[in-house]
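Chain by chain, the residues:
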Amino acid sequence: MSSTSSNDIDALISDRASERGVAAPDDGLHSVLTHYFPEGTLAILDRDLRILMIAGKELEEFGLSPEMLIGKTITDLAPLDFAAELIANYRLALSGKEVKFNVDYRDRYYSITATPLLGENDQISSILVLTQNATKKKAAGQAVKKNENLMRAIRDTTELLSSGSNPTQACANLLQTAGPAFIADCMYIVCFSENEADYPSYTIEWEPNFGITQKITSPLFTRFLERHREHFAAHNILSGFLHTFSGQDRTELAERNSEAMLIAPVFLQETLWGCIGIDNRRYAKPWSAHEEQTLTTLAHTLGNYLNRISAEQTIRNNEARIERAEACSPVLMAHLATDGTWLKVPQKLCELLGYTATELLAMNIDTITHPEDLETSRRERERLLRREQQSY
């Protein structure tokens, strides 16, 4: 059919449109339509919305043939609610307008164009209906949009965690930001416990209709996660459907009403801290590679955040220990900038010199140095900065 042009289609359609009776498509028309519309149909309907002609490969997907449909009306063939939508649009076409619309039918998505055809005396006698199966195109568009949402969730989550200092609130923000992007029924973060008997692990969970909840992880789900701890410790994600698990795993997942789950480990440095996961509770949804990659990235982002919070806490603890040691030490210790400006002054030094901490921090060490010692102090400080000595 490579030599067939669009003019052939116009000629064949024109022949059928001029016929007044019911006509079955010949092999030529069927071949042309199959070539140009491999996932669609083309039909001519009269003013009673009775099929005068129809052809196209899409018919085969439903086990139909032109002979089975010609002479039938829309209401003869389609459920009432679906037929009503078609009839409303086809009536617009019969009034002289070209109509384009989309419909969902049996898990498929169709783009339909209905165009009026002129008969005798240039009166509209029928309509030409082109139906294209756009399910793949719609799915591809939805996949692109979802991937964009997932990438946006990673960006927004990274920004949120870059400044947050409260781990619980940070986890809640992550779930509220990323959960909708996955279009999942549930997203959660579980913090593992080293001693479940005394300190049970806890879960922060997001659901579309309930938002954020915090709770102790259920014993059954805790056992499920513990049984797969070595798997997580090896930096592996865990993915599967309820029906693919067996024994205790299946019982414990059933308690969560989880039909499909995807879980990624979260590490604090090299230690397994917990996990982040998503559930689908309506059906066994297969997770895409992009969803797996996004969840893994979010787990790494959360791990980096926790590492930062841990490091900052370590610094604060060390500073607190130093302050306690300085407070109890008989030696007064203060911190100076390289230009002699005070950076940190102990209270005892303030009391000794007769200044408040605010006043001292606004001064330079030269201000309180005796004039006779000022030149020596500056010279020794410069030698210290040149690393010619370690103290003075």
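Rules behind the numbers
- Residues numbered from 1 in each chain as written.
- Predicted model: local features only at pLDDT ≥ 70, side-chain atom pairs only at ≥ 80, totals over all residues.
- Heavy atoms only, no water.
- Helix = DSSP H or I, 4+ residues; strand = E, 2+ residues; numbered from the N terminus.
- Buried < 20%, exposed > 50% of the residue type's maximum accessible area, 1.4 Å probe, protein only.
- Contact = heavy atoms within 4.5 Å.
- Areas by Shrake-Rupley, 256 points an atom, 1.4 Å probe, with all protein chains shown as cover.
- Expected span 1.5 Å × (residues − 1).
- Polar contact = N/O pair within 3.5 Å; in protein donor to acceptor, adjacent residues only side chain to side chain.
- Core = buried A, V, L, I, M, F, W, Y, C linked by side-chain atoms within 4.5 Å.

Chemist: How should the overall build of the protein chain be read in this particular structure?
Modeler: Across its full length, the protein chain carries 16 helices and 13 strands. By residue count, 40% of the 392 residues in the protein chain fall in the buried class. The long-range fraction of contacts in the protein chain, counting pairs at least 24 apart against all pairs at least 6 apart in sequence, stands at 49%. Accessible surface computed for the protein chain: about 22300 Å², of which carbon and sulfur atoms make up 51%.

Chemist: In this structure, what is going on with helix 8 (residues 167-182)? I would like to understand it.
Modeler: For an α-helix, the turn length of 3.6 residues means that residues three or four places apart are oriented alike. In this model, helix 8 (16 residues) spans 22 Å end to end at C-alpha, consistent with the 22 Å of a helix rising 1.5 Å per residue. Within the span of helix 8, buried status applies to Ala 170, Cys 171, Ala 172, Leu 174, Leu 175, Ala 178, Gly 179, Ala 181 and Phe 182. Where helix 8 begins, the side chain of Asn 166 points an oxygen toward the backbone nitrogen of Thr 168, at a separation of 3.0 Å. One or two residues past the end of helix 8 sits Ile 183, with phi positive at roughly 50°.

Chemist: Would you mind showing me how to read the environment of Thr 301 here?
Modeler: Examined against the element boundaries, Thr 301 turns out to sit in helix 12 (residues 289-328). Look at Thr 301 and you get buried, because its relative accessible area is 14%. Spatially, the C-alpha atom of Thr 301 lies 8.9 Å from that of Val 266, the residues being 35 residues apart in sequence.

Chemist: Quick question: what am I supposed to make of the nonpolar core here?
Modeler: Grouped burial of nonpolar side chains is what soluble globular proteins tend to show. Phe 182, Met 187, Ile 276 and Leu 302 are the most contacted members of the largest nonpolar core, which totals 32 residues. Mapped onto this core, the elements with two or more residues apiece are helix 7 (135-163), helix 8, strand 6 (186-191), strand 7 (202-207), strand 10 (260-268), strand 11 (271-280) and helix 12. Other than its neighbours up to four places away in sequence, Leu 302 contacts Leu 161, Cys 171, Leu 174, Ile 189, Val 266 and Trp 273.

Chemist: Explanation requested: the side chain of Thr 41 in the structure shown.
Modeler: You can see Thr 41 is positioned in strand 1 (residues 40-46). Judged by relative accessible area, which is 12%, Thr 41 ranks as buried. In contact with Thr 41, other than residues within four places in its own chain, are Ala 55, Gly 56, Glu 58, Leu 59, Val 129, Leu 130 and Thr 131.

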